[in-house]
Every structure is written in structure tokens, then in C-alpha cells.
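Descriptive structure summary
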Amino acid sequence: MTEIRDTITNLIKPSESYVVALSGGVDSSVLLHAIKTHTPNVRSVFVNHNQQDSNSLQKSAENFAEIMKVEHISLETRLEPAASETKMRETRYQLLFSNLKADEILLLGHHHDDKIETFLMNLFRGTRLKGLLSIKQKSKNILRPFIEIKKKTITEYAKQNDIKFTEDKTNKDNSVLRNWLRNELIPDIEKNFKGDLNSKIQSLILEIEELTKNDKKL
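The paragraphs below set out a description of the structure included in this document. Nothing here was measured: the structure is a model prediction, and the numbers come from that model. (Residues numbered from 1 in each chain as written. Predicted model: local features only at pLDDT ≥ 70, side-chain atom pairs only at ≥ 80, totals over all residues. Heavy atoms only, no water.)

1. Quick notes on the overall build of the protein
For clarity, the threshold we go by: Think of it this way: any DSSP run of H or I at least four residues long counts as a helix, any run of E at least two long counts as a strand, and we number them from the N terminus. Throughout, radius of gyration means the C-alpha value; the globule benchmark is 2.2 Å times the number of residues raised to the power 0.38. Relative accessibility thresholds used throughout: buried, under 20% of the residue-type maximum; exposed, over 50%; partly exposed, between the two (1.4 Å probe, protein chains only). Note on definitions: a residue-residue contact is assigned when non-hydrogen atoms from the two residues lie within 4.5 Å. All accessible-area figures derive from a Shrake-Rupley calculation using a 1.4 Å probe, and residue coverage is judged against the displayed protein chains alone.
The helix and strand tally for the protein stands at eight helices and six strands. Taken over C-alpha atoms, the radius of gyration comes to 18 Å for the protein, in line with the 17 Å a tight globule of 218 residues would show. Oriented by its inertia axes, the alpha-carbon framework of the protein measures out at about 45 × 40 × 35 Å. Evaluated residue by residue, the protein yields a buried proportion of 44% over its 218 residues. Contacts in the protein between residues at least 24 apart in sequence constitute 74% of all its contacts with a sequence separation of at least 6. Accessible surface, the protein: about 12,500 Å² in total, of which carbon and sulfur atoms supply 50%.

2. Regarding the side chain of Gln-202
The topology assignment puts Gln-202 in helix H8 (residues 197–212). Assessed through its relative accessible area of 14%, Gln-202 is described here as buried. Setting aside chain neighbours within four positions, we find Gln-202 in contact with His-112, Lys-115, Ile-116 and Glu-148.

3. Here's the deal with the pairing of strand E4 (residues 104–107)
The side chains of a regular strand alternate between both faces of the sheet. Our working definition: In this scheme, strands are said to pair when DSSP sees at least two bridges between them.
Two elements, strand E1 (residues 17–21) and E4, share four bridges in a ladder whose sense is parallel. If you follow Val-20 over to E4, its bridge partner there is Leu-107. The sheet contact formed by E4 and strand E6 (residues 142–143) spans two bridges and is parallel. Its bridge partner lying in E6, Leu-106 is registered against Ile-142.

4. Overview of the pattern of salt bridges
When their charged atoms lie close together, side chains carrying opposite charge are able to pair. Just so we agree on the cut-off: Salt bridges are identified by distance alone: a Lys or Arg side-chain nitrogen within 4 Å of an Asp or Glu carboxyl oxygen.
In this structure the tally under the stated criterion is seven salt bridges. Here Arg-182 makes a salt bridge to Glu-117, at a shortest N to O gap of 3.0 Å. Of the two residues, Arg-182 is situated in helix H7 (residues 177–192) and Glu-117 in helix H5 (residues 112–125); the sequence distance between them amounts to 65 residues. What emerges from the salt-bridge pattern is a single network uniting Glu-117, Arg-178 and Arg-182.

5. Thoughts on the packing of aromatic side chains
Each pair of aromatic rings is reported with the distance of its centres and the angle of its planes. Test applied: For this analysis, a ring pair means two rings from Phe, Tyr or Trp (six-membered ring only for Trp) whose centres lie within 6.5 Å, classed as stacked if their planes differ by under 30 degrees, edge-to-face if by over 60, and tilted for the remaining angles.
A full pass over the atoms with the stated rule returns one aromatic pair. Their ring planes at 25° and their centres at 6.1 Å tell us that Tyr-93 and Phe-97 sit as a pair that is stacked. Taken together, the residues Tyr-93 and Phe-97, both in helix H4 (residues 85–99) and four residues apart, mark about one turn of the helix. With a relative accessible area of 34%, Phe-97 lands in the partly exposed category.

As C-alpha cells, this is what we get:
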């Protein structure tokens, strides 16, 4: 896909060293594929959360890393089964950063749909204005190349390049807040209101960025 290729070309510097947080799912698998076609200076890391599909996702990540011929490591956690999303996220970042070398940049597979979901979650939780900026593309030694790319573009890239990945079954569990937003609320909103929801929220985020750029109180 031209959009993904152009994004990687603009953001990724072949002289830098990168680490892809490879989950075994489609987003990070496409990210690793796109990065590897642009630079050889990349390796991948998988974090096993000790949950329902963790072992199958680990196998998927290891297999794909082997196909892509990149150095890969799997990190184990001691999380209890059915751990919360918050606890898994905290543990995942802790392990990823502890494995990251000083000269490496961590690449995450967050995309535009994730950004919109996070915006809505923060809105409903009653965040301050800056909290509505959602997920940033760059922060310290983290880079999210796909943050302005929609999920459907990523899945199309996976199909066109025959990328093998494993779908996390828990993504269909609507008792998880983000899944409920993705699977039920957002489709209902798009069904009942005209216009593209992603585009509307993106325009609002851009306005908030301008408002909060020089005002730390917001």
C-alpha cells in the first residue's frame, strides 16, 4: 500500500536502530514487514501476558519474525489469568523498556482507529482537554508510524503481502471497554449519524492541539 510505504519512508531513518513490539496480530506484523523492507536495522520483541491466547500469539510472532529474518526475543510475565487491560499494559511497557537499548527506538503498532477509541474513552472518563489529544505519534524513544493510518488499510496490506498473523480471540470480548467501543458503540454511532466519525474526531483533535499548544493549564 502506497500510504504505508510513504509513511515508513518519511518516518524511518535507515541509520537508526528499531525494535518492533510484535504481538503476533495483524497491526504489528504489518509494521514489522513494512519496516524490514525499508531498513535492516530492526529486531522484534514479544511479551507473553500469560492469558488465554498468549501462547498461540507468541508462536505466531516467533514464526513471522523467522520469516522476516529478524532477531527476535519473547519475554515472559507473571500475570494472573484474566488480568486487567491496565495491568497488562503496564507490565508490557515495563518489559519492553527494560529490553530496549539506549540507541534503539521502540515501534508500536497503534493505528488511527486506536487513536479514535482512546479519544472516546478519555472523553467519557472526563479527562482534561489535553487528555483528548489521545495517542501521540512520537514520545521520547517511542514511535507509532501507523497512528494516522486506518485499520482497513493495514488489513489490506496484510492481504496483499500474504502476511500471516493470529487474531486475539479476546478482541471479541465486549466486557472489555475498548472492545465494546470498537465492536458496538462506534458502529452504532456511524449507523445513526452521517459522515465519517474518524474524520470528525480527527478534526477536533487538531483543533485541541492548537488550543493546548502553548497553554499548560488546559
